[in-house]
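Structure assessment
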Amino acid sequence: MRVYLFILTFFASLSVFAQKDEIDFDAIDSLYREDQFYINFTYNSLRKTPDGFSQNKFATSFALGFLRDMPLNKSRTFAIAAGLGYSFSVYNQNIVITNVGGNNTYNLIGQDVNYSKDKLSLHFVDLPIEIRWRNSTPESHKFWRIYTGLKLSYLFYDSYKFVSTTSKIKSSGNTDLNAFHYGAYAAVGWNTLNLYMYYGFNPLFTSSAKIDNQSIDMSTLNIGLMFYIL
């Protein structure tokens, strides 16, 4: 009988604790944080290009990451955010990169050269920090937003591939590429659809990369779409 009473008391206690710890998933969270994960897709345009330069295929970038949202006012419409991300950029163009005696040389591809690929691929670790305005509320995840900030990127891997009817070139670890890149960006939109633009302040290549003794000062302008999650 005592064993029966002990078992009954034990399960009754569990029921009480379960009721106390029950979570109300429908409750409104007044201390919410917005847009902490992001994904973007952009078209890469190059500025300050040398004479005769062309981008011969669609050049794209892909990025994803996490931003810690830190609201600044009680209504949580203003915030700052800082985070960590990864981005991948591809540039299809008509500069052929060859290595001669341990040094890279850069030349524009002649019109008489028949080639199928001239692609530079870059992988970055990104450190974004931004100022945020949105007219969000605890009850709805659909709102207008204007986010703008700065992004520092570290190039941790690069690869280059050239394929023509007469030769193939494949290389990586180009020391003429700037290791650090920085620029400003903005994301503006409604709900999940946001226009995104990034403007790079420094060139892709260092001053040691030259065509006809002129430095390659190309820098990036990326335009596309940004998607925020949570």
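It should be emphasised that the depicted structure is a prediction, and the values quoted were computed from it without experimental measurement.

Definitions and cut-offs
Residues numbered from 1 in each chain as written. Predicted model: local features only at pLDDT ≥ 70, side-chain atom pairs only at ≥ 80, totals over all residues. Heavy atoms only, no water. Helix = DSSP H or I, 4+ residues; strand = E, 2+ residues; numbered from the N terminus. Buried < 20%, exposed > 50% of the residue type's maximum accessible area, 1.4 Å probe, protein only. Contact = heavy atoms within 4.5 Å. Areas by Shrake-Rupley, 256 points an atom, 1.4 Å probe, with all protein chains shown as cover. pLDDT = per-residue confidence, 0-100. Phe/Tyr/Trp six-rings, centres within 6.5 Å; stacked < 30°, edge-to-face > 60°. Lys NZ or Arg CZ within 6 Å of the ring centre and 35° of its normal. Core = buried A, V, L, I, M, F, W, Y, C linked by side-chain atoms within 4.5 Å. Pairing = 2+ DSSP bridges. Salt bridge = Lys/Arg side-chain N within 4 Å of Asp/Glu carboxyl O. Polar contact = N/O pair within 3.5 Å; in protein donor to acceptor, adjacent residues only side chain to side chain.

1. Let's talk about the overall build of the protein chain
Looking only at helices and strands, the protein chain has one helix and 13 strands in total. Looking at the protein chain residue by residue over its 230 residues, the buried ones come to 37%. Within the protein chain, residue pairs in contact and separated by at least 24 positions form 70% of the contacts whose partners lie at least 6 positions apart. Carbon and sulfur atoms provide 62% of the accessible area of the protein chain, an area that totals close to 13,900 Å².

2. A few points about the environment of Ser164
Of note, Ser164 is situated in strand E7 (residues 144-164). The exposure class assigned to Ser164 is buried, which follows from its relative accessible area of 13%. Ser164 has contacts with Val113, Asn114 and Tyr115, leaving out every residue within four places of it along the chain.

3. Description of the confidence of the model for the protein chain
Across the protein chain, pLDDT averages 86, with 86% of residues at or above 70. Mean pLDDT across the elements of the protein chain bottoms out in helix H1 (residues 2-21) (49) and peaks in strand E9 (residues 180-190) (96). Under a pLDDT of 50 for its full length, residues 3-7 has, in the predicted model, zero contacts with residues more than four places off or in other chains. Contacts for the low-pLDDT stretch residues 17-21, under 50 throughout, to residues beyond four places or in other chains number zero contacts.

4. Considerations on the packing of aromatic side chains
Counted according to the given criterion, the structure contains 13 aromatic pairs. With a centroid separation of 5.2 Å and 50° between ring planes, the pair formed by Tyr154 and Phe180 is classed as tilted. Of this pair, Tyr154 sits in strand E7 while Phe180 sits in strand E9; the two residues are 26 residues apart in sequence, bridging distant segments of the chain. On the accessibility criterion, Tyr154 (40% relative accessible area) is partly exposed. Put simply, the rings of Phe41, Phe62 and Phe227 touch in pairs and so form one group of aromatic residues. If you follow Arg132 out to its NZ or CZ, it ends over the ring of Tyr147, 4.4 Å from the centre.

5. Concerning the nonpolar core
Formed by 21 residues in total, the largest nonpolar core has its most connected members in Tyr106, Leu120, Leu122, Phe205, Ile216 and Met218. Sorting the residues of this core by element identifies strand E4 (95-100), strand E6 (115-134) and E7 as the ones contributing at least two each. Beyond its immediate stretch of four places on either side in the chain, Met218 contacts Leu46, Arg47, Lys48, Thr49, Pro50, Phe53, Ile95, Pro203, Leu204 and Phe205. Within the second largest apolar cluster, 11 residues are counted, among which are Ala81, Tyr185, Met226 and Tyr228.

6. So, the pairing of strand E3 (residues 78-92)
Strand direction decides the pairing type here: strand E2 (residues 60-71) and E3, joined by 11 bridges, are antiparallel. The residue of E3 that forms the bridge with Leu67 is Gly83. Hairpin remark: E2 followed by E3, antiparallel, with six residues in the connecting loop; positive phi at Arg76, about 65°. Two strands pair when backbone bridges link them, and E3 and E6 are joined in this way by 13 bridges, in the antiparallel orientation. Paired with Ala81 across the bridge in E6 is Glu130.

7. Observations concerning the pattern of salt bridges
As enumerated under the stated definition, the model contains three salt bridges in all. The closest approach of N and O atoms between Arg134 and Asp69, which form a salt bridge, is 3.0 Å. Separated by 65 residues along the polypeptide, Arg134 in strand E6 and Asp69 in strand E2 bring together distant segments of the chain. Salt bridges sharing partners connect three or more residues here, namely Asp69, Glu130, Arg132 and Arg134.

8. So, the side chain of Ser87
If you trace the backbone, Ser87 turns up in strand E3. The exposure class assigned to Ser87 is buried, which follows from its relative accessible area of 6%. Only 2.9 Å separates the side chain of Ser87 from the side chain of Asp126, close enough to count as a polar contact. The contacts of Ser87, once residues within four sequence positions are left out, are Phe62, Ala63, Leu122, His123, Phe124 and Asp126.

9. Regarding unusual backbone geometry
The phi torsion of most residues other than glycine is negative, and most of the peptide bonds are trans. Despite not being glycine, Lys48 shows a phi value in the positive range, around 55°. The residue Lys48 is located in the loop between strand E1 (37-47) and E2 in this model. Here Lys48 falls in the exposed class, since its relative accessible area comes to 59%.

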